[in-house]
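Residue strings, one per chain:
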Number of protein chains: 2
Amino acid sequence: MANFELTRTLKLPAKTKIVHLVMDGLGGLPRDLDGKTELEAARTPNLDALAARAQLGLAVPVRPGITPGSGPAHLGLFGYDPLEFDIGRGVLEALGIGFDLQPEDVAARGNFCTVDDDGLITDRRAGRIPTEFNQKLVPLLREVELPGIQTFVETVKEYRFVLVLRPAAGQTLHAHIADTDPQQLGVPPLPARALDEASEPTAELVNQWIAGAREILANHPPANSLNLRGLAKDPGLPKFQDVYGLRAAAIATYPMYKGVAKLVGMEVLPVDGEALEDEVETLRTHWAEYDYFFFHVKKTDSAGEDGDFERKAGVIEHVDEAIVPAILDLDPDVLIVTGDHSTPAALKSHSWHPVPTLLWSRYCRPDGPTGPWGAEFGERACGRGSLGVFPATDELPLALGHALRLNKYGA
Amino acid sequence: MANFELTRTLKLPAKTKIVHLVMDGLGGLPRDLDGKTELEAARTPNLDALAARAQLGLAVPVRPGITPGSGPAHLGLFGYDPLEFDIGRGVLEALGIGFDLQPEDVAARGNFCTVDDDGLITDRRAGRIPTEFNQKLVPLLREVELPGIQTFVETVKEYRFVLVLRPAAGQTLHAHIADTDPQQLGVPPLPARALDEASEPTAELVNQWIAGAREILANHPPANSLNLRGLAKDPGLPKFQDVYGLRAAAIATYPMYKGVAKLVGMEVLPVDGEALEDEVETLRTHWAEYDYFFFHVKKTDSAGEDGDFERKAGVIEHVDEAIVPAILDLDPDVLIVTGDHSTPAALKSHSWHPVPTLLWSRYCRPDGPTGPWGAEFGERACGRGSLGVFPATDELPLALGHALRLNKYGA
């Protein structure tokens with residue numbers, strides 16, 4: 001909370017503008033060929049020129065050695081220590097499919113599973129049924145009714161779905177409820193057990209829903225039962241306007257990132273298409289209305305997850321060409337270029353490696369050339385930059401400082 | 001505790017192997033001759049070649065500016081914040097002489113002292129009596145008997161000894177008891193005063209023992225009295241297997257390091273001899289049985305304490321030649337080369353300077369040449385490395401990450 005107490009107390013009204021350009025999974029690892037990472041191998045003349053006038057560093061998303069999921073990684077970028085602020089898995093899953101979660105909703109991740117005649121689990125993922133089968137089952141589950149509660153069931157993919165319970169006005173649900181998935185085979189699913197007294201009525205409702213749903217599923221093997229995990233509500237995170245004094249907007253094309261941005265109080269702006277150019281168009285259109293823009297690029301991560309070094313480098317080159325000059329043309333006061341975590345093509349997954357980060361403002365103290373290949377934006381250059389190895393949660397306070405949006409602390 | 005909560009929750013079973021090579025007191029200071037430190041002046045072709053493919057940084061053992069003792073410094077390397085986890089001085093002293101301390105034992109550091117006819121202290125160290133005199137007194141003190149309690153008295157050296165009280169089965173002793181040493185002359189020793197109610201019966205026993213011991217010592221000036229300090233029990237530290245999921249082994253030749261390793265749940269492996277080659281032989285013999293090896297080299301520190309720059313550089317060269325290639329031949333997944341603290345020959349003592357550290361793994365992001373003299377393992381090269389200046393407690397989480405032994409945090 002220290003960050004927030006400080007920025008909340010010191011925040012100043014200002015007209016300055018901050019852009020937080022986040023290439024998902026930006027950090028990489030060297031390929032054998034020339035020892036360069038995806039970012040180092042990409043031709044990025046605009047980012048390299050910016051690096052010569054900027055400060056570089058390596059951002060640690062959660063803690064050294066820890067590989068973050070997308071939710072915690074973005075919380076960190078937004079200044080919320082992911083170990084202190086937790087978005088429940090049910091909420092993340094609902095946000096991930098773009099469900100319009102309300103503050104009083106309880107969301108759960110659902111898994112179809114297979115049970116035998118004695119009700120013992122034989123497959124926790126129901127043989128990974130195809131998404132099309134899932135889409136046939138979900139409408140059936142929508143028929144299960146609960147007294148005074150609105151229920152929503154939505155397909156995620158394969159054996160995964162989302163259940164949302166929405167209480168009537170004035171009613172409150174509580175979500176300290178244990179998973180029903182016993183995480184092993186040959187035993188029955190567990191009941192939804194309340195972990196505190198306040199959650200007991202909600203657990204009762206959840207068990208009613210489960211009973212009705214299992215009755216329907218009994219005739220649909222291999223998905224003849226289900227489990228619920230990660231029951232959770234909107235965590236009620238502090239909001240950008242309150243803690244930073246920023247009117248904040250999110251420009252993203254994937255539901256999960258829009259969802260997390262909404263939880264911290266950002267306005268999610270409409271993007272007409274899925275191309276980087278469409279996102280830039282949204283930035284231009286709404287430039288006058290906000291102080292802070294979270295600009296999310298998804299495809300660096302997807303390419304990394306696919307193990308496609310060249311495609312990831314290609315996305316970075318596209319960002320360099322299509323986004324960076326367009327942002328600079330708008331004359332921001334602070335531009336941070338970073339990622340939420342590393343997704344090295346070599347690992348085909350998120351990783352623990354710290355994330356190359358560039359901070360430019362007219363009041364930054366430029367590093368000059370720090371890279372082994374001169375002035376450039378790359379992991380090695382960032383490893384020798386003056387931001388050092390720093391917690392990602394520092395980015396927002398640094399941005400506010402460089403945007404002249406914070407008062408002096410003490411006399 | 002955050003480190004432990006995270007690693008305990010996220011730890012994964014794996015077959016990867018981690019070696020933590022610790023040269024005691026590794027960090028140094030430049031000599032006038034050529035401005036190089038002990039490590040920089042040493043010819044270390046193997047470490048230098050490794051440095052070119054590794055990540056470098058400077059580890060802070062406790063906090064910036066703070067000089068650690070060996071106990072806290074090693075706790076830090078093992079991931080235990082030395083300010084949070086405390087090994088009492090009595091326990092450290094017992095471990096330091098290789099005493100086989102049991103979890104229910106209470107250990108105290110003892111100092112012989114001199115008192116005058118009125119019982120007032122005239123020399124807190126009994127004129128620094130020779131160790132031989134100490135060895136004559138200790139058997140006499142073993143005669144002091146306590147009801148239902150086993151007592152052990154062991155020589156450390158000069159005026160220092162260790163007292164251990166071992167309760168009968170089912171009985172519990174408590175060690176929140178103040179030192180008897182008033183830390184000034186011209187006053188009598190203090191009674192052993194319990195600092196909480198639970199410790200009162202133990203304090204009573206300690207005072208009985210002191211009375212018996214002083215009666216015996218009265219005829220042996222200048223060691224005609226004694227004081228007890230740092231009464232303590234095994235602190236019950238979290239264990240490596242639990243918090244990291246590692247079967248851990250220690251290879252060390254000095255009692256203190258074996259003792260601290262045992263407190264964190266490592267198996268202490270037998271070493272047949274005192275040479276570095278003997279330690280390597282132990283590593284080879286037990287390679288298949290463990291996931292993590294703490295490999296301790298003592299003589300860098302001894303040479304630094306003696307102010308012998310050349311000898312310290314020589315030990316480092318010996319490590320480079322005899323240990324580093326042998327470890328690499330075993331094909332570890334992660335190798336960290338570091339020290340527990342600095343012991344610059346120029347200071348002839350432990351110091352607060354952060355410790356040069358090298359982390360190699362096939363999944364590290366190599367720094368390339370960072371040193372003023374090219375790619376090398378040295379203080380200056382580490383000062384520009386991508387690990388930055390980091391808390392020593394980060395080493396274990398970083399090792400686990402690079403060994404692919406941690407699950408993703410959050411979705």
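Model, not experiment: these values are computed from the prediction.

Q: What is the right way to read the pattern of salt bridges from this model?
A: Charged atoms that come close allow side chains of opposite charge to pair. Per the stated rule, a full pass over the model turns up 44 salt bridges over all chains. A salt bridge links R284 of chain B to E281 of chain B; the shortest N-O distance between them is 3.2 Å. Taken together, the residues span about one helical turn, with R284 of chain B and E281 of chain B both in helix α10 (residues 276-286) at a distance of three residues. Overall, the relative accessible area of 43% leaves R284 of chain B in the partly exposed class. In this structure, a network of salt bridges that share partners links the residues R31, D34 and E310 of chain A.

Q: Would you mind going over the packing of helix α4 (residues 70-77) of chain B against helix α9 (residues 255-263) of chain B with me for this structure?
A: How two helices pack is summed up by the angle between their axes together with the distance between the axes. All names here are of chain B. The geometry of α4 relative to α9 is characterised by a closest axis approach of 10 Å and an angle of 45° between their N-to-C directions. Judged on the interaxial angle alone, α9 and α4 are oblique. The crossing of α4 and α9 is right-handed. Judged by residue contacts, S70, G71, H74 and L75 of α4 engage M256, Y257 and V260 from α9. Among the residues forming the contact of α4 with α9, the class breakdown is four nonpolar, three polar and no charged.

Q: For this particular structure, what's the right way to read the pairing of strand β10 (residues 292-297) of chain B?
A: Within a regular beta strand, the side chains point alternately toward one face of the sheet and then the other, so they alternate between its two faces. Residues and elements named next belong to chain B. Counting buried residues along β10, six of its six residues qualify, which places the element largely inside the surrounding structure. Residue alternation in β10 divides its side chains into two sets, Y292, F294 and H296 and F293, F295 and V297, and both sets are buried. By the bridge criterion, six bridges tie strand β1 (residues 18-23) to β10 in an arrangement that is parallel. Counted as the bridge partner of I18 is Y292 from β10. The pairing of strand β8 (residues 248-251) with β10 spans four bridges and is classified as parallel. Residue pairing for β10: A248 is matched across the bridge by Y292.

Q: Hey, could you run me through helix α5 (residues 89-96) of chain B in this one?
A: Because each turn of an α-helix spans 3.6 residues, side chains separated by three or four positions in sequence point in the same direction. A large share of α5 of chain B lies buried, amounting to six of its eight residues. On its buried face, α5 of chain B is in contact with α4, β3 (106-115), β5 (149-157), β6 (160-167), β7 (225-232) and α9 of chain B.

Q: Help me understand the sheet that holds strand β10 (residues 292-297) of chain A, please; the structure alone is not making it clear to me.
A: Working definition: the strands of a sheet are paired by backbone hydrogen bonds and lie parallel or antiparallel to each other. Residues and elements named next belong to chain A. Spatially, the eight strands line up as an open sheet ordered β9-β8-β10-β1-β11-β12-β2-β13, and their pairing is mixed. Every interior strand has two partners, whereas the edge strands, β9 (267-268) and β13 (388-391), have only one. For strand β8 (residues 248-251) and β9, the ladder comprises two bridges, and the chain directions are parallel. Its bridge partner being in β9, A249 is matched across the sheet by E267. Relative to strand β11 (residues 334-338), helix α15 (residues 395-402) is tilted by about 155°, and along the sheet it contacts β1 (18-23), β2 (55-60), β10, β11, β12 (355-361) and β13.

Q: What is the right way to read the packing of aromatic side chains from this model?
A: Aromatic ring pairs are defined here through the distance separating the ring centres and the angle between the ring planes. One pass over the full model with this rule turns up 26 aromatic pairs over all chains. Geometrically, the ring pair formed by F4 of chain B and F85 of chain B is tilted, given 5.7 Å between the ring centres and 55° between the ring planes. Taken together, the residues F4 of chain B in helix α1 (residues 2-10) and F85 of chain B in the loop between α4 and α5 connect sequence positions 81 residues apart. Note on F85 of chain B: relative accessible area 13%, which makes it buried. A ring pair is formed by F112 of chain B and F161 of chain B, whose centres lie 4.8 Å apart and whose planes are at 40°; its orientation type is tilted. Note that F112 of chain B is positioned in strand β3 and F161 of chain B in strand β6, a separation of 49 residues in sequence. Taken together, the aromatic side chains of F4, F78, Y80, F85, F240, Y244, Y292 and F294 of chain A make up a single cluster linked through ring pairs. Across from the ring centre of W287 of chain B, 5.7 Å away, lies the NZ or CZ of K17 of chain B, which sits over that ring.

Q: Hey, could you run me through the interface of chain A and chain B in this one?
A: By a widespread convention, an interface's size corresponds to the accessible area lost as its parts come together. Taken residue by residue, the interface counts 31 residues in chain A and 28 residues in chain B. Here chain A meets chain B over a buried area of about 2,200 Å², counting both sides, of which 63% is carbon and sulfur. Seen at the junction of chain A and chain B, the total is zero salt bridges. Inspection of the chain A/chain B interface yields eleven residue pairs in polar contact (both at pLDDT 80 or more). Considering only residue class, the side of chain A that touches chain B consists of 15 nonpolar, eleven polar and five charged.

Q: Explain the confidence of the model for chain A to me, please; I cannot follow it from the model alone.
A: Note: predicted coordinates in regions of low pLDDT should not be interpreted at a detailed level. Residue-level pLDDT values for chain A average 96, and 100% of them are 70 or greater. Confidence estimates for the predicted assembly give a pTM of 0.91 and an ipTM of 0.90.

Q: Looking at this structure, how should I read the state of the cysteines?
A: Among covalent bonds in proteins, the disulfide is the one between the sulfur atoms of two cysteines. For the coordinates displayed, the defined rule picks out zero disulfides over all chains. The closest cysteine sulfur to the non-disulfide-bonded C382 of chain A is located on C364 of chain A, 13 Å from its own sulfur.

Q: Which parts of the structure should I look at to understand the environment of R229 of chain A?
A: All names here are of chain A. Within the secondary structure, R229 is located in strand β7 (residues 225-232). We classify R229 as buried; its relative accessible area is 18%. Residues R229 and V315, 86 residues apart in the sequence, show an inter-C-alpha distance of 35 Å. Contacts of R229, omitting those with residues within four sequence positions, involve A108, R109, N111, R124, D179, D181 and Q183.

Q: Can you help me understand the relation of the copies chain A and chain B in this one?
A: Relating the two copies of this chain is a rotation about some axis coupled with a shift parallel to it. Laying chain A over chain B is done by rotating through 125° and shifting 0.1 Å along the axis; what remains is an RMSD of 0.2 Å. One copy is carried onto the other by what is essentially a three-fold rotation axis. The overlap is low: 3% of the interface residues of chain A also sit at the interface in chain B, so different surfaces are used on the two sides.

Q: Hey, could you run me through the side chain of H341 of chain B in this one?
A: Residues and elements named next belong to chain B. Counting through the fold element by element, H341 comes out in the loop between β11 (334-338) and β12 (355-361). Taking the relative accessible area as the measure of exposure, H341 reaches 0% and is therefore buried. A polar side-chain atom of H341 sits 3.3 Å from a polar atom in the side chain of T343. Sequence-distant contacts of H341, that is, excluding residues within four places in its chain, are made with D24, G25, L26, G27, P61, P68, S70, A73, D301, H350, S351 and V355.

Q: Mind showing me how you'd approach the sheet that holds strand β2 (residues 55-60) of chain B here?
A: Residues and elements named next belong to chain B. Taken in spatial order, the eight strands of this open sheet run β9-β8-β10-β1-β11-β12-β2-β13, and their pairing is mixed. Two strands lie at the open edges of the sheet, namely β9 (267-268) and β13 (388-391), each paired on one side alone. Pairing analysis gives four bridges linking β11 to β12, with the strands arranged antiparallel. Directly across from I336, in β12, lies its bridge partner L359.

Q: Explain α9 of chain B to me, please; I cannot follow it from the model alone.
A: All names here are of chain B. Among the residues making up α9, those that are buried are M256, Y257, G259, V260, A261 and L263. Check the buried side of α9 and you find it contacts α4, α5, β8 and β10. G265 sits one or two positions beyond α9 and adopts a positive phi of about 95°.

Q: Looking at this structure, I do not really get the pairing of β5 of chain B. What am I missing?
A: Residue and element names in this part refer to chain B. As defined by bridge partners, β5 adjoins β6 across eight bridges and the pair is classed as antiparallel. When the bridges of β6 are listed, Q150 appears paired with R166. From the end of β5 to the start of β6, which pair antiparallel, there are two residues, and E158 there has a positive phi angle of about 50°.

Cut-offs used in this document
- Residues numbered from 1 in each chain as written.
- Chains lettered and ligands numbered in written order.
- Predicted model: local features only at pLDDT ≥ 70, side-chain atom pairs only at ≥ 80, totals over all residues.
- Heavy atoms only, no water.
- Salt bridge = Lys/Arg side-chain N within 4 Å of Asp/Glu carboxyl O.
- Helix = DSSP H or I, 4+ residues; strand = E, 2+ residues; numbered from the N terminus.
- Buried < 20%, exposed > 50% of the residue type's maximum accessible area, 1.4 Å probe, protein only.
- Axes fitted to C-alpha atoms, helices over the stretch in contact; angles between N-to-C directions.
- Parallel < 35°, antiparallel > 145°, perpendicular 65-115°, else oblique.
- Left-handed = near helix turned anticlockwise from the far one by under 90°.
- Contact = heavy atoms within 4.5 Å.
- Nonpolar A, V, L, I, M, F, W, Y, C, P; charged D, E, K, R; others polar.
- Pairing = 2+ DSSP bridges.
- Phe/Tyr/Trp six-rings, centres within 6.5 Å; stacked < 30°, edge-to-face > 60°.
- Lys NZ or Arg CZ within 6 Å of the ring centre and 35° of its normal.
- Buried area = accessible area lost by both parts, 1.4 Å probe.
- Polar contact = N/O pair within 3.5 Å; in protein donor to acceptor, adjacent residues only side chain to side chain.
- pLDDT = per-residue confidence, 0-100.
- Disulfide = S-S within 2.5 Å.
- Least-squares fit on C-alpha atoms with pLDDT ≥ 70 in both.

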